[in-house]
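Architecture and fold: a report
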Amino acid sequence: MSFREDGAAALEWAARYLERVGELPVLAQVEPGEIRSRLPVSPPEQPEAFADVLRDLDEILLPGITHWQSPRFFAYFAVSAAEPGILAELLSATLNSVAFIWRTSPASTELEALTLDWVSQLLALPAGWHGHIEDTASVSTIAALAAAREATGGRVVVCSEEAHSSVERAARLLGLETRKVPVDEEFRLRADAVDLTDAAAVVATVGTTSTTSVDPVPELADACAHAGVWLHVDAAYAGSAWVCPELRWSQAGVDRADSLVVNAHKWQLRFCEAWPGSSSRMKLRRRPRNPARLQPSD
Ligand SMILES: Cc1ncc(COP(=O)(O)O)c(C=O)c1O
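What comes next is a walk through the structure. (Residues numbered from 1 in each chain as written. Predicted model: local features only at pLDDT ≥ 70, side-chain atom pairs only at ≥ 80, totals over all residues.)

So, on to the overall build of the protein. Counting its regular elements, the protein contains nine helices and six strands. Burial status across the protein gives 29% buried among its 298 residues. (Helix = DSSP H or I, 4+ residues; strand = E, 2+ residues; numbered from the N terminus. Buried ≥ 20, exposed ≤ 12 C-beta atoms within 10 Å, placed from the backbone.)

Rendered as structure tokens:
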């Protein structure tokens, strides 16, 4: 293979795909098992020319793709990736850095911290919070609820009936019980129906997946402060809207949260990233446990 020539062909394929994706049928045009039946049952013994790989991509795989990048894709939520993000993926795959501590990739660690500072400013979050990138909002919520369990000793996660399934899954993975609170006529968690007995955390959603309803974060922050319960805000879907000052009404009370997740891969046109911004409470809990993670001295 020629990395340069085949790479140029891959880039041309990507550019052409983005030009024509709006003309392709949005939904995959295949029956279950059809794609698999067109592929070899065993790993190939011989390499293939890259042109043949691209031909298989067009002829075999593309009919089985549901085109999330299509301008006519309106299911679930907007999750398009922009061209700068696609090129950034290429460059970061080339560097292949594994940045689990500062020394294994100082530039990645410092760039991550700086970028999250910028995101924090763009979203008008309180000064002094720190953030980091996880692969999904689901993983961020697991991290936040693990911190909540440790900080409070509680065994129950309280959220609305409209909360994303990742909340219940995170609770189950952490051995916590989920207590669902009914919603009002606008699908917002009913703060008057919250029971915080043995609660580790309340998860308030800003932008529920089904209807983009916004839970009453200020009231929940009051209740959590009173009961010593962790407040996690799941703004995976709608948090990016805070870039626009006129949409920041939905941020009320979020400055009092212990942790927050926002998805960059929804309205920020980036790849799969999620961002748990964390208040000082999380910082204080985390530091003694893993001081080396971001420290040059490690
Ligand atoms: C409100 C909310 N929370 C969490 C998630 C999970 O996001 P991810 O796919 O990044 O785990 C979603 C995804 O749709 C969501 O809308």
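From this point on, the discussion continues.
In the region of the ligand, 15 residues are neighbours, and Thr136, Ala137, Ser138, His164 and Ala236 sit closest. In terms of residue class, the shell around the ligand is made up of five nonpolar, nine polar and one charged. (Near = placed C-beta within 6 Å. Nonpolar A, V, L, I, M, F, W, Y, C, P; charged D, E, K, R; others polar.)

What follows is about helix H4 (residues 83-95). With 13 residues, H4 should reach 18 Å at 1.5 Å per residue; the first-to-last C-alpha distance of 19 Å fits that figure. Across the 13 residues of H4, zero count as buried, placing the element largely on the outside. The first or second residue beyond H4 is asparagine 96, which carries a positive phi of 50°. (Expected span 1.5 Å × (residues − 1).)

Next up on the list: the nonpolar core. Formed by 50 residues in total, the largest nonpolar core has its most connected members in Leu145, Val157, Ala201, Val202, Ala204, Leu231 and Val233. Those elements giving two or more residues to this core turn out to be helix H5 (106-122), helix H6 (137-152), strand S1 (156-160), helix H7 (165-173), strand S3 (199-205), helix H8 (217-227), strand S4 (230-235) and strand S5 (259-263). Of the residues forming this core, the biggest block, seven residues, is contributed by H6. Setting aside anything within four residues of it in sequence, one finds alanine 204 in contact with Leu189, Asp215, Val217, Leu220, Leu231 and Val233. (Core = buried A, V, L, I, M, F, W, Y, C linked by C-beta atoms within 7 Å. Contact = placed C-beta atoms within 7 Å.)

Attention now goes to the packing of H6 against H7. Direction vectors running N to C along H6 and H7 enclose 45°, while the axes themselves pass 9 Å from each other. The orientation of H6 relative to H7 falls into the category oblique. The handedness of the crossing between H6 and H7 is right-handed. Together, Ala137, Ser138, Thr141, Ile142 and Leu145 of H6 and Ser166, Val167, Arg169, Ala170, Ala171 and Leu173 of H7 make up the contact between the two elements. Looking at the contact of H6 with H7, its residues break down into seven nonpolar, three polar and one charged. (Axes fitted to C-alpha atoms, helices over the stretch in contact; angles between N-to-C directions. Parallel < 35°, antiparallel > 145°, perpendicular 65-115°, else oblique. Left-handed = near helix turned anticlockwise from the far one by under 90°.)

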